[in-house]
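Okay, here's what each chain looks like letter by letter:
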Amino acid sequence: MKKILCTLGPASLDARTLRRFDELEVDVLRINLSHTEFDQIEPWVRMIREHARAPICLDTQGAQVRTGRLAGGSLTLEANATVELVATPAEGGPGRLPLYPGFVVGDLHVGDLVSIDFDSALLQVVETGPRSLARVLSAGRIGSNKAVSLDRATALPPLTEVDERALTLGRRLGLRHVALSFTNRKGDVELARRFAGPDAEIIAKVETRQALERLEEILDAADAILIDRGDLSREIPIESIPLVQKEVIRRANVAGVPVYVATNLLESMIAGSRPTRAEVNDVINTLIDGADGLVLAAETAIGRNPIGCVAMIRALIRQFEQRRIGGLEPPWSDVHESSASRLVPPHGGTLVTGVAPHLDAAAIVSLQRLDVDERVMMDVRQLAIGAFSPLAGFMDREMLARVLAEHRLPSGTVWPLPILLQLPAGRGDRYASGETLAVADAGEVRALLRVSECYRWDLSDLAARWFGTDDAAHPGVARLRQGSDWFLAGEVALLPDELRRRRPYELTPAQARLVFEHRQWQKVVGFHTRNVPHRVHEHLQLTALAEHHCDGIFVHPVIGPKKSGDCTGDIILKSYQLLIRDHYPPNAAIVAGWAAYSRCAGPREALFTALVRQNYGCSHFIVGRDHTGVGAFYPPEQSRRFCESLAGEVGVQLVFSEEVYHCERCGRHVQRCEHGRRYSEQISGTQARETLRQGRMLPDWFMREDVSRLILDELRQGAEVFVA
Ligand SMILES: [Zn+2]
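Only a predicted model underlies this, so the values are computations on that prediction, with no experimental measurement involved.

1. As for the coordination of the zinc ion
Then, in step 1: Each protein donor to the zinc ion is listed here as C663 (SG), C666 (SG), C673 (SG) and H675 (ND1); together their distances run 2.1 to 2.3 Å.
Then, in step 2: Geometry at the zinc ion is tetrahedral, judged from the four donor atoms that bind it and their angles of 102 to 114 degrees at the metal.
Then, in step 3: Sequence spacing of the donors to the zinc ion: C-x2-C-x6-C-x1-H.

2. Observations regarding the pairing of strand β8 (residues 113-116)
Regular strands place their side chains on alternate faces of the sheet.
Then, in step 1: Both β8 and strand β9 (residues 121-127) contribute to a ladder of four bridges, which runs antiparallel. Its bridge partner lying in β9, L113 is registered against Q124.
Then, in step 2: Hairpin connection from β8 to β9: four residues lie between these consecutive antiparallel strands, with D117 at a positive phi of about 50 degrees.

3. Things to note about the sheet that holds strand β26 (residues 589-591)
Then, in step 1: The five strands are arranged β26-β25-β24-β27-β28 in an open sheet whose pairing can be described as parallel. Two strands close off the open sheet at either side, each with one partner strand: β26 and β28 (653-656). Taken pair by pair, the neighbouring strands of this sheet meet at an average axis angle of 25 degrees, ignoring direction.
Then, in step 2: Both strand β24 (residues 524-529) and strand β25 (residues 552-557) contribute to a ladder of six bridges, which runs parallel.

4. Some thoughts on the nonpolar core
Then, in step 1: Counting 79 residues, the largest nonpolar core has F388, W415, I419 and L488 as its most contacted members.
Then, in step 2: The next biggest cluster of nonpolar side chains, apart from the first, holds 69 residues, and it includes L8, V26, I31 and I249.

5. What about the sheet that holds strand β29 (residues 661-663)?
Then, in step 1: Taken in spatial order, the three strands make up an open sheet running β30-β29-β31, and their pairing is antiparallel. If you trace the sheet from one side to the other, it starts and ends with β30 (668-670) and β31 (680-681), each paired once.
Then, in step 2: Relative to β30, β29 is paired through three bridges, and the arrangement is antiparallel. Bridging from a neighbouring strand, H662 pairs with H669 of β30.

Conventions we followed
Think of each chain on its own: its residues are numbered from 1, step by step along the sequence as written. Only residues with pLDDT of 70 or above have their local features reported here, since the model is predicted, and side-chain atom pairs are shown and tallied only from 80 upward, although totals for entire chains, interfaces and linings are computed over all residues. Here the side-chain values reflect all heavy atoms present in the structure, with hydrogen atoms and water set aside. Think of the donor list as every N, O and S atom within 2.8 Å of the metal, or within 3.2 Å for Na, K and Ca; water never makes the list, so a site can look incomplete. In these descriptions, tetrahedral denotes four donors with every angle between 85 and 135 degrees, square planar four donors and octahedral six donors with opposite donors over 155 degrees apart and the rest between 65 and 115, and irregular any other case. Pairing between two strands is assigned when DSSP locates at least 2 bridges connecting them. Helix and strand definitions follow DSSP, with helices as H or I runs of at least four residues and strands as E runs of at least two, each counted in order from the N terminus. The axes are straight lines fitted to the C-alpha atoms, using for helices just the contacting stretch, and the angles between their N-to-C directions are given from 0 to 180°. Here, nonpolar core means buried Ala, Val, Leu, Ile, Met, Phe, Trp, Tyr and Cys residues that are tied together by side-chain atoms lying within 4.5 Å of each other. The cut-offs for exposure are 20% and 50% of the maximum accessible area for each residue type, with area from a 1.4 Å probe on protein chains only; residues under the lower value are buried, those over the upper are exposed, and the others partly exposed.

Structure, rendered in structure tokens:
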């Protein structure tokens, strides 16, 4: 198995990134001592170990001259100016450039050329003695802690004083991996081992001409080698790098010494979201050369997208490992989706799409017509776009029986909720199986339904088993009783034009997945709501995002038919847009409308809403304490118990929330606090609606002021905000 070595830095030293590295099976985590203060090492090691299992490797500063600390972080060197070279720890500033280690300043000779940070600037030493002065031959802007090279070989010890202390500390902390920078000879490896311990795994970095010349003895002494193409290209011409890499890998392979390759593997992904074709070619070719592992450096230390970089390397390694070149199965035979995408697969494995072939008007007119109401039409659409995958149509008798009794489809896949096409009361039409019906809504044909069965089911029995009651006061039961006891089963397909017709803000599951990938999200928390955002909702979403180390939140409010007192879909979408734009961290959330309706099915519906969001690409889903509750029909904990009983068989991870309250003493929302609920404040939904209807703001702890203001403005302009 090819290894991934990741360099840690400001971009990756946080709990979420470390956990994700762990999930992506990063093999070694590297701390670069050239960019780390000695005092940071121990706290970092503790923090890293809390979140990741991979061994930690200390990468030494090594025999390398670097610029010291510069006031303001950088220094501009003008051509022909004179600059004084000083020994660290002195700080640099205008006209003063500090070098590390300090003693090199005393070793400078008049005439030496000093090149800084890959030729960002070039100096020549013009005076030595009490003051060392250099003239600027080539102007440039340089930073702190950048590599400096002289045109003359200097004798630098293989370990700096900081390295020696760090390796000793690492040994005490149980770190077994050391990457030895600028290894030049066998003796350097032996020296490092003296500090790191006899059982340390020393990875010798091959990044100098001398290391190439003494490669055999280094291979003999080291446990592994690492070709750093970056530093190496300061010593040998860049055009020779590819063949040098191949030869070094070949010799390491022959010697049986693991060899890793570093630098620029996914350079474009430091700032951007995709690698270049040349980069992915380089990675695969490096593996084909025989490298045992790949090293991400700036990509994961300071890049914008460290997790995406590791996912991409993982995907490339997978491509390499199943490489099929010259065989019967060409590599394009089963390439569909990006394997760098690690979005949760749809429930049941594949996303259903039900799109009918194009039919002309005459063909449609020739079909028997089935007029349906808004709710049935919504189900048709959701089935056809794959939101209910693996269901492709309305349930037949056998399926319904399994779902009612076992919360499963006949295939055994978990499915809690009946999806039925109930025929209206008083209609005598019967339909033959095999017949294709033209499904019409508001007078227009929008979909086709291929009848597989037309069957009867006793409504009282159905209500009792579906809703747990046949009490007519239950809104789900009441709705069921309005229809006949005849049901129609069969797969559905939307007419092609209908698929394209969507409400603004609606996304299909396939589109949502595309959006997540575009945003580089892999772990997404789904949130189901029928309400404008309260502070409690915000708390639930941001807490789930942080605690489960997710990349984003998919706020998916119901925008279908409402009951009296509900918020309209329009105001929910507008208020979430505002919340996400002005108050959420950047790239942390998306809102899209879900054109569906409440089925009042309590626990069954709670799990159903989670499975639908899995189909939309959500890896996690928040189940509120009284999620999809219906009056007092289902005790608040019942949904949780029901979901937990089946949670092991579904792909989406259910995040159960405790009741959240605002504690006046703590001054924030909490799930529990030392004050219990003694200082908690409460406003009911009805009170909140009344307050807004009277043109008054809600307290900021209950609803953000600008959300309140948005709703009040809409009300003032006469918009429908609450369904009458
Ligand atoms: Zn409190």
